[in-house]
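Per-entry structural report
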Amino acid sequence: TQLLEQSPQFLSIQEGENLTVYCNSSSVFSSLQWYRQEPGEGPVLLVTVVTGGEVKKLKRLTFQFGDARKDSSLHITAAQPGDTGLYLCAGADSGTYKYIFGTGTRLKVLA
Amino acid sequence: EPEVTQTPSHQVTQMGQEVILRCVPISNHLYFYWYRQILGQKVEFLVSFYNNEISEKSEIFDDQFSVERPDGSNFTLKIRSTKLEDSAMYFCASSVRGHTFGSGTRLTVV
């Protein structure tokens, strides 16, 4: 059974601080995605990483896919209250393109 | 920007009743999915659908569940006889590479 563990589970920080969220698995994934989910809404795709060691930047967000394609990280620089939300990683099953979702990190950025 | 549309946004149903959740995927996408998220828990895969048939289903997707693509645009999830534990947000997604999710249907079984 493929599992994705995210850490930390909860994170509360002050505006302007930096943070890193981790997504770890013992399984290899063909690709990995990061989503952000607001209460009562569906997950919204932030980024897809495909190649081991790949780094992608989206404004203040930096995503990295581990060399072995088993883990990933999301780093936010100078967090803002608008970054508050639930961050989910999801790994793609190469057989069917179904996604295994991580346990989620709930981020709260205080003004 | 193309989006996945789900209806209804909320559904309350009596235990034992049948419900149909509807989705309109993005038109040029080939893969379709249903996921569910019980309140406070993680998103769980239910079923994937490709080329007009189920390509994979999870243990959750038992005989009470079925999916259809009745007319080439809609993609439906039917729960035949709802149970209290079916209460959850149900998300449809379509994909070429990377999922686009709908906003979900909140199903409450009472």
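Criteria and thresholds
- Residues numbered from 1 in each chain as written.
- Chains lettered and ligands numbered in written order.
- Predicted model: local features only at pLDDT ≥ 70, side-chain atom pairs only at ≥ 80, totals over all residues.
- Heavy atoms only, no water.
- Helix = DSSP H or I, 4+ residues; strand = E, 2+ residues; numbered from the N terminus.
- Rg over C-alpha atoms; globule rule 2.2 N^0.38 Å.
- Pairing = 2+ DSSP bridges.
- Axes fitted to C-alpha atoms, helices over the stretch in contact; angles between N-to-C directions.
- Contact = heavy atoms within 4.5 Å.
- Polar contact = N/O pair within 3.5 Å; in protein donor to acceptor, adjacent residues only side chain to side chain.
- Phe/Tyr/Trp six-rings, centres within 6.5 Å; stacked < 30°, edge-to-face > 60°.
- Buried < 20%, exposed > 50% of the residue type's maximum accessible area, 1.4 Å probe, protein only.

The number of helices and strands found in chain A is 0 helices and 11 strands. Mapped in sequence order, the helices and strands of chain A form the string β-β-β-β-β-β-β-β-β-β-β. The C-alpha radius of gyration of chain A comes to 13 Å, within 12% of the 13 Å expected for a compact globule of 111 residues. Taking the principal axes of the C-alpha coordinates as reference, chain A spans close to 45 × 30 × 20 Å.

With that settled, the discussion passes to the sheet that holds strand S7 (residues 65-68) of chain B. Residue and element names in this part refer to chain B. One open sheet holds the 4 strands; their spatial order is S1-S3-S8-S7, and the pairing between them is antiparallel. Looking along the sheet, the strands with just one partner apiece sit at the ends: strand S1 (5-7) and S7. The mean inter-strand angle of the sheet, taken between neighbouring strand axes irrespective of direction, is 20 degrees. Where S1 lies against strand S3 (residues 19-24), 3 bridges are found, and the strand directions are antiparallel. Note on S3: the bridge partner recorded for Gln6 is Cys23.

Here we take up the interface of chain B and chain A. One frequently used descriptor of interface size is the decrease in accessible area upon assembly of the parts. With 17 residues of chain B at the contact, the number on the chain A side is 20 residues. In this structure, the connection of chain B to chain A is made through 2 residue pairs in polar contact (both at pLDDT 80 or more). Breaking the side of chain B that touches chain A down by element, the ones donating at least two residues are strand S4 (31-37), strand S9 (88-95) and strand S10 (99-101) of chain B. The element best represented in the side of chain B that touches chain A is S4 of chain B, accounting for 4 residues.

Further remarks concern the sheet that holds strand S6 (residues 55-58) of chain A. Residues and elements named next belong to chain A. Read across the sheet, 5 strands follow the order S1-S3-S8-S7-S6 without closing on themselves; strand pairing throughout is antiparallel. The sheet terminates laterally at strand S1 (5-7) and S6, the two strands that pair on one side only. Between one strand axis and the next, the sheet turns by 15 degrees as a mean value, whatever way the strands run. Pairing analysis gives 5 bridges linking strand S7 (residues 61-65) to strand S8 (residues 71-76), with the strands arranged antiparallel. Opposite Leu61, over in S8, you have Ile76 as the bridge partner.

Looking now at the packing of aromatic side chains. For the coordinates displayed, the defined rule picks out 14 aromatic pairs over all chains. Seen from their ring centres, Tyr33 of chain B and Tyr35 of chain B are 6.1 Å apart, and the 35 degrees between their planes marks the pair as tilted. We note that Tyr33 of chain B, like Tyr35 of chain B, is buried. One aromatic cluster is present, formed by Tyr35 and Phe101 of chain A together with Tyr33, Tyr35, Phe45, Phe91 and Phe101 of chain B through successive ring pairs.

Turning to its location among the elements, Leu32 of chain A is positioned in strand S4 (residues 32-37). Separated by 18 residues in the primary sequence, Leu32 of chain A and Gln14 of chain A place their C-alpha atoms 28 Å from one another.

The next point concerns the pairing of S7 of chain B. Residue and element names in this part refer to chain B. Bridge analysis of S7 against strand S8 (residues 75-79) gives 4 bridges, and the strand direction is antiparallel. Note on S8: the bridge partner recorded for Val67 is Leu77. Remark: 6 residues form the turn of the hairpin made by S7 and S8, two consecutive strands paired antiparallel; Gly72 in that turn has positive phi of roughly 85 degrees.

All names here are of chain A. Tracing the sequence through the fold places Lys108 in strand S11 (residues 105-110). In sequence terms Lys108 and Gln14 are 94 residues apart; their C-alpha atoms lie 8.5 Å from each other. Other than its neighbours up to four places away in sequence, Lys108 contacts Leu11, Ser12, Ile13 and Thr84.

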